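# Residue-level structure breakdown
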Amino acid sequence: MPALVARMERCPLCGTEFDAAGQGCRPSCPLAQGCKVVCCPSCSYSFPQETGLAGRLKGFLERRRAGR
Amino acid sequence: MTPRAATAPADRLDKQLVPEPRTAILVGNPNVGKSVLFGALTGKYVTVSNYPGTTVEVTRGHATIEGRAWNVMDTPGTNGLTPMSEDEQATRDILLREVGYACLQVCDTKNLRRGLLLTVQLAEAGVPFLLALNMADEAASRGIHVDVEALAKSLGVDVVPTVAVERKGLAQLQAALPAARPSSFAVRYDPAIEEGLAEVVPLLPPGGGLAPRAVALMLLAGDDSLDGRIAGLPAEARERVAEARRRVSARYPESLRFVISKQRLAAVDRLHDAVVTRGARSAGSDFGKRLGAWSTHPIWGVPILAAVLLAAYEFVGVLGARVAVDFMEYKVFYDRLVPWTQAAVRWLVPWQAAQRFLVGPAGVPFREHDGFLVGRYGLFSMGLSYGMAIVLPIVATFFVAFSVLEDSGYLPRLAVMVNKLFKRMGLNGKAVLPMVLGLGCDTMATMTARIMETRKERIIVTLLLALAIPCSAQMAVILAMAASLSPGALAWFGGALLGTLVLVGWLAAKVLPGRGSDFVLELPPLRIPQAGNVAVKTLARIEWYLREALPLFLVGTLLLWGLDRVGGLVVLQRVAAPVVVGVLHLPKEAALAFILGFLRRDYAAAGLFLHYEPFIRAGTLTREMQIQITVALVTLTLFIPCIANFFMIVKERGWKTGLAIAGFIVPFAVGVGATVNVLMRWLY
């Protein structure tokens, strides 16, 4: 199964907001396990989910914005 | 009458009062909370999301609504009734086959336009339905106000705002469901389409869940999935349907499916604008709106596109491919990391033979020995340095540029701008995204070809990426060489590449079986990108690149090292020399560059650059050399981008398609190179 975090994502292409759960790579792909690419249910645009280092940076920026 | 009913009057009375259960079918776009509403109606827990291709199961449940039993069906998310995927076909077929049902359409109020596109199709289908405006609270918090009464009046059906996760609006929905009725909303199409409909509708068999007009529209749009439904028609009727479709199609330069969608979308836009108002928070500035409109304008969009491309070139091609690569490759890798690695290995490994195997003999420059880690084709000095020092700075700057475009909302507008050109190549505007990404790294862009809807489109995009889109690493070397070419030779180079791209795309669209897809994309407002968001997106993509593409660089280098050890490279060079020297009229040194070109196309270009560098610097390039450089650049650019890209094609499209693409590209690249060589010697 793809290593996606179940949370709301906004598609950078069409702006649709959707739940990332179940929107990962196709299981037939040999690299699907551990894959962080999420696919928009509206326009099918795929983009890597911002987790790991990027997720930490995102969390940091959000905390900073919230603190202002 | 059952014996029990005959002997128990009270029971008989109950059975007379309890009518047959009715059926309710939930439909809606993906991820609008349909399954949550299904759970709230039936009390049964279901998973919220699904993905096309993973499951097309339909969930069933039971509910008691207004004192009557209902069978409730949850269908896979769909964006329309003319299916583009297996899931959408499943939903359409349920509506087609079931009879006597009431349909409950669930839509995301924040994204009402997308929901209304399905609403209008349900109206065309004559399905009795009501509309649930779900996530109404989130829409309100964003300043989106929907005039529910006006919408209900325009549609002629009940419209109920809901918040499914909080069960808000559920009681109103349950009260309205038994009164579900067909919508009075009708889309009038062009006279040509209406004439086609008037001819096809009477030919269709009665019955089924969808009105003949809706089925006729699907048939005119070329929906192959309906072949089974019209198979029972007399041969003459089938021929008349096909003839009507051919005749109406001939009236439009674009596919009929696209024309019908476009006209339907125009009707949806009018309805949407009449019932939706946006508060201050969501409204863009006037200038932003104007700029957004200009960016998709057939005339004003072109200078905006040129400015965006120039800015991207300056940032990626100059800052990334020249300044950052030069720093990383020489200052970081060759001047520091490579010598440090050699010293560390000599210090840590006590055996001289092992040291020699790993980092080569002491005192010999690494490009002159075959060390495993540090050497001509060493895993560290070539594999890692290419991945981290040459490609990473370029793709990192490219990711920054791409994230800025993504965050600004310009990318979907770019897709709209090039939609017409790409349609000639059997694709749609969405294909511009992997193409643009290919200018960063073809390997990664090949993965992004997944965004295309059909197998045919994915193969065409993969082929064009492998054939005619130079990655930034190669682009940098090309630009360095192209700077030495005369404007005439440069025009030959650009013309040959663009001509090949359009010609091969057009031919592939004609030759490959399957169909293209239409392209319905919402345009989010243009906005100023935020530095933090751009940094997060770039970092996420760099992590992704390092995880997925870098291992392939190492595998490619390992292969190269193995071939070098067993003398395979020399043999390959001898085999390639007749083609390179005999057919392309290039110097014999170019043969090795072409072989290495399969492993890394930019490596080959760099090899050629080194060959001609003394003449370029001295400004003594002859006409013969100008022709050679142009021919070499054309052939190399059309060549397989690199072994990593080949592996990625195999991974994404399978061995058969991968080998077929490589088998086409290699002789085709040489053929185009040879043609340019002959023509230039004649005309240049």
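Definitions and limits used
Residues numbered from 1 in each chain as written. Chains lettered and ligands numbered in written order. Predicted model: local features only at pLDDT ≥ 70, side-chain atom pairs only at ≥ 80, totals over all residues. Heavy atoms only, no water. Pairing = 2+ DSSP bridges. Helix = DSSP H or I, 4+ residues; strand = E, 2+ residues; numbered from the N terminus. Axes fitted to C-alpha atoms, helices over the stretch in contact; angles between N-to-C directions. Contact = heavy atoms within 4.5 Å. Buried < 20%, exposed > 50% of the residue type's maximum accessible area, 1.4 Å probe, protein only. Salt bridge = Lys/Arg side-chain N within 4 Å of Asp/Glu carboxyl O.

## Examining the sheet that holds strand β5 (residues 129-134) of chain B
All names here are of chain B.
- Taken in spatial order, the 6 strands make up an open sheet running β2-β3-β1-β4-β5-β7, and their pairing is mixed. Each edge of the open sheet is held by one strand with a lone partner, namely β2 (59-65) and β7 (159-161). Direction aside, neighbouring strands of the sheet carry axes that sit 25 degrees apart on average.
- As judged from the 5 bridges shared by strand β1 (residues 22-28) and strand β3 (residues 68-74), these two strands associate in the parallel manner. Of the residues in β3, the one forming a bridge with Ala24 is Val72.
- Packed onto the sheet, helix α3 (residues 34-42) meets β1, β2, β3, β4 (101-108) and β5 and runs at close to 45 degrees relative to β2.
- Against the sheet, helix α5 (residues 112-125) touches β1, β4 and β5, its axis set at about 160 degrees to β4.

## Describing the side chain of Gln342 of chain B
Residue and element names in this part refer to chain B.
- Counting through the fold element by element, Gln342 comes out in helix α15 (residues 301-348).
- Given the relative accessible area of 15%, Gln342 is considered buried.
- In this structure, Gln342 is in contact with Val359, Phe366, His369 and Val374, ignoring residues within four places of it in sequence.

## Some points on the pairing of β5 of chain B
Residues and elements named next belong to chain B.
- The element β5 is extensively covered by neighbouring structure, given that 6 of its 6 residues are classed as buried.
- Residues Phe129, Leu131 and Leu133 of β5 are buried on one face, and the alternating residues Leu130, Ala132 and Asn134, pointing to the opposite face, are buried as well.
- Where β4 meets β5, 6 bridges bridge the pair, whose relative direction is parallel. Along β5, the bridge assignment pairs Cys103 with Phe129.

## As for the pattern of salt bridges
All names here are of chain B.
- Taken as a whole and assessed by the stated rule, the structure comprises 22 salt bridges over all chains.
- Among the salt bridges present, the one from Asp370 reaches Arg565, with a minimum N-O distance of 3.3 Å. Residue Asp370 is located in the loop between α16 (352-359) and α17 (379-408), and its partner Arg565 is located in helix α26 (residues 550-565); the two are separated by 195 residues in the primary sequence.
- Note on Asp370: relative accessible area 29%, which makes it partly exposed.
- Judged by relative accessible area, which is 41%, Arg565 ranks as partly exposed.
- A salt bridge links Lys537 to Glu406, with the nearest nitrogen and oxygen atoms 3.2 Å apart. Taken together, the residues span a long stretch of sequence, with Lys537 in helix α25 (residues 531-548) and Glu406 in helix α17 at a distance of 131 residues.
- Within this structure, Glu199, Glu239, Glu243, Arg246 and Arg247 form a network of salt bridges that share partners.

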